[in-house]
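Descriptive structure summary
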Amino acid sequence: SKSGTAAATAVIAQLESAAEIYALDQVLLTGTKDYPDNPFNELEKQPDGYKTGTFTAQEGDWWFNDYKVYHFRNNTTYSWTYSTSTGIIEEIIN
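**Focus: the overall build of the chain**
In terms of helices and strands, the chain carries one helix and four strands. Going from N to C terminus, the chain has its helices and strands arranged as α-β-β-β-β. What you see for the chain is a C-alpha radius of gyration of 14 Å, in line with the 12 Å of a compact globule of 94 residues. Taken along the three principal axes of its C-alpha coordinates, the chain extends 45 × 25 × 25 Å. With 94 residues in all, the chain has 33% of them scored as buried.

**Side note on the environment of D25**
Along the chain, D25 falls in helix 1 (residues 2-30). For D25, a relative accessible area of 39% puts it in the partly exposed group. Sequence spacing of D25 and Y35 is ten residues, and the spatial spacing of their C-alpha atoms is 9.7 Å.

**Section: the sheet that holds strand 3 (residues 76-82)**
Read from one edge of the open sheet, four strands run 1-2-3-4, paired in antiparallel fashion. Two strands in the sheet have a free side with no partner beyond their single neighbour: strand 1 (62-65) and strand 4 (89-92). This sheet shows a mean twist of 30° between the axes of neighbouring strands, independent of strand direction. Relative to strand 2 (residues 68-73), strand 1 runs antiparallel, the two being bridged by four bridges. By the bridge assignment for strand 2, F64 is matched with V69.

**Considering the pairing of strand 3**
Each regular strand shows side chains that alternate between the opposite faces of the sheet. Across six bridges, strand 2 lies against strand 3 in antiparallel orientation. Within strand 3, the position partnered with V69 by the bridge is W80. What sits between strand 2 and strand 3 in their antiparallel hairpin is a turn of two residues, with N74 showing a positive phi close to 55°. Two strands pair when backbone bridges link them, and strand 3 and strand 4 are joined in this way by four bridges, in the antiparallel orientation. Among the inter-strand pairings, T81 is bridged to a residue of strand 4, identified as E90. Linking two consecutive strands that pair antiparallel, namely strand 3 and strand 4, is a turn of six residues; a positive phi of about 80° is found at G87 within it.

**Description of the packing of aromatic side chains**
Under the criterion given, the structure shown has eight aromatic pairs. Plain terms: the ring middles of F64 and Y82 are 5.9 Å apart, the flat faces sit at 70° to each other, and that makes the pair edge-to-face. With a gap of 18 residues between them, F64 in strand 1 and Y82 in strand 3 connect regions that are remote in the sequence. With a relative accessible area of 16%, F64 lands in the buried category.

Cut-off values and rules
Residues numbered from 1 in each chain as written. Predicted model: local features only at pLDDT ≥ 70, side-chain atom pairs only at ≥ 80, totals over all residues. Heavy atoms only, no water. Helix = DSSP H or I, 4+ residues; strand = E, 2+ residues; numbered from the N terminus. Rg over C-alpha atoms; globule rule 2.2 N^0.38 Å. Buried < 20%, exposed > 50% of the residue type's maximum accessible area, 1.4 Å probe, protein only. Pairing = 2+ DSSP bridges. Axes fitted to C-alpha atoms, helices over the stretch in contact; angles between N-to-C directions. Phe/Tyr/Trp six-rings, centres within 6.5 Å; stacked < 30°, edge-to-face > 60°.

Encoded structure:
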């Protein structure tokens, strides 16, 4: 659905923003622009459905594994790659 796509796009934008804020903080603290290993950890509030560990995906779930962001909606798992060198999150088109 369009609303599901829009909501997912908003979460991805929040993750990129949180990664960039973290990286800029690192510049001030260490002089080096480093991005977080998991951008979800840098959010003030994780999105509804954020899970860690082992589980069976359900509608609306989000998770992060092996530098990829995953979102399950409409019986489909959508995924994005996350770069710890740039903070950029890009959709993987299946």
